[in-house]
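Reading the structure
One letter stands for each residue in the lines below.
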Amino acid sequence: MSDDWIENAVCQAADAENLFAQGSSQNEAKAICTTCSVRTQCLAYALDNRIEYGIWGGTTERERRRLLRRKPAVTSWRALLESAEQSWTACSRTAVLAGPASAA
C-alpha cells in the first residue's frame, strides 16, 4: 500500500502535539480532519496498522477500537472504506442529478 496520501494530509501543517490530545481537546484535534481530502486513507492506515494513539482520519483511539471490535474479519480497511466512499459519492451524484423529490 502506498503512503503517498500522507503528503496531502491537512495535519502536515498542524502541530503534531495537537493530534495526540486527551479528553475534550480531542474534538478540537478531530476538527483538523474535517476538510482533509485524504481522511479516508488516513483512517484506513490507522486501522490496518492498529495504531493506538492519536487522531487519525478524524477518529479517536476509542472510536478506532470500536470499529475494530465491530468488524474483526476485515482484512483491508482501506479497500472497505474506499469502496464505501465511492458508493456514497455515486449516490450523492445521483441524488443531485435527480433533483429534489416531488411532494405527493
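Residues numbered from 1 in each chain as written. Predicted model: local features only at pLDDT ≥ 70, side-chain atom pairs only at ≥ 80, totals over all residues. Heavy atoms only, no water.

In this structure the tally under the stated criterion is two salt bridges. As a salt-bridge pair, glutamate 63 and lysine 30 come within 2.8 Å of each other at their nearest N and O atoms. Here lysine 30 lies in helix α1 (residues 25–31) and glutamate 63 lies in helix α3 (residues 61–70), a separation of 33 residues in the sequence. A salt bridge links glutamate 82 to arginine 78; the nearest nitrogen and oxygen atoms lie 2.9 Å apart. Taken together, the residues glutamate 82 and arginine 78, both in helix α4 (residues 77–98) and four residues apart, mark about one turn of the helix. Judged by its relative accessible area of 24%, glutamate 82 is partly exposed. (Salt bridge = Lys/Arg side-chain N within 4 Å of Asp/Glu carboxyl O. Helix = DSSP H or I, 4+ residues; strand = E, 2+ residues; numbered from the N terminus. Buried < 20%, exposed > 50% of the residue type's maximum accessible area, 1.4 Å probe, protein only.)

Of all ten residues in helix α2 (residues 39–48), seven are buried; the element is thus mostly enclosed. Within the span of α2, buried status applies to Thr40, Gln41, Cys42, Leu43, Ala44, Ala46 and Leu47. Just downstream of α2, arginine 50 is the residue with a positive phi angle, here 50°.

Attention now goes to the confidence of the model for the protein. Overall, the prediction assigns the protein a mean pLDDT of 86, with 86% of residues at 70 or greater. Within the protein, α4 has the poorest average pLDDT of any element, 77, and α3 the best, 96. (pLDDT = per-residue confidence, 0-100.)

Bringing the packing of α2 against α3 into the picture now. Where α2 contacts α3, the axes come no closer than 10 Å and their chain directions differ by 70°. As summarised for this structure, α2 and α3 are arranged roughly perpendicular, according to the angle between their axes. Seen from above, α2 lies across α3 with right-handed handedness. For the pair α2 and α3, contact is made by Leu43, Ala46 and Leu47 and by Arg64, Leu67 and Leu68, respectively. Of the residues in the contact of α2 with α3, the class split is five nonpolar, no polar and one charged. (Axes fitted to C-alpha atoms, helices over the stretch in contact; angles between N-to-C directions. Parallel < 35°, antiparallel > 145°, perpendicular 65-115°, else oblique. Left-handed = near helix turned anticlockwise from the far one by under 90°. Contact = heavy atoms within 4.5 Å. Nonpolar A, V, L, I, M, F, W, Y, C, P; charged D, E, K, R; others polar.)

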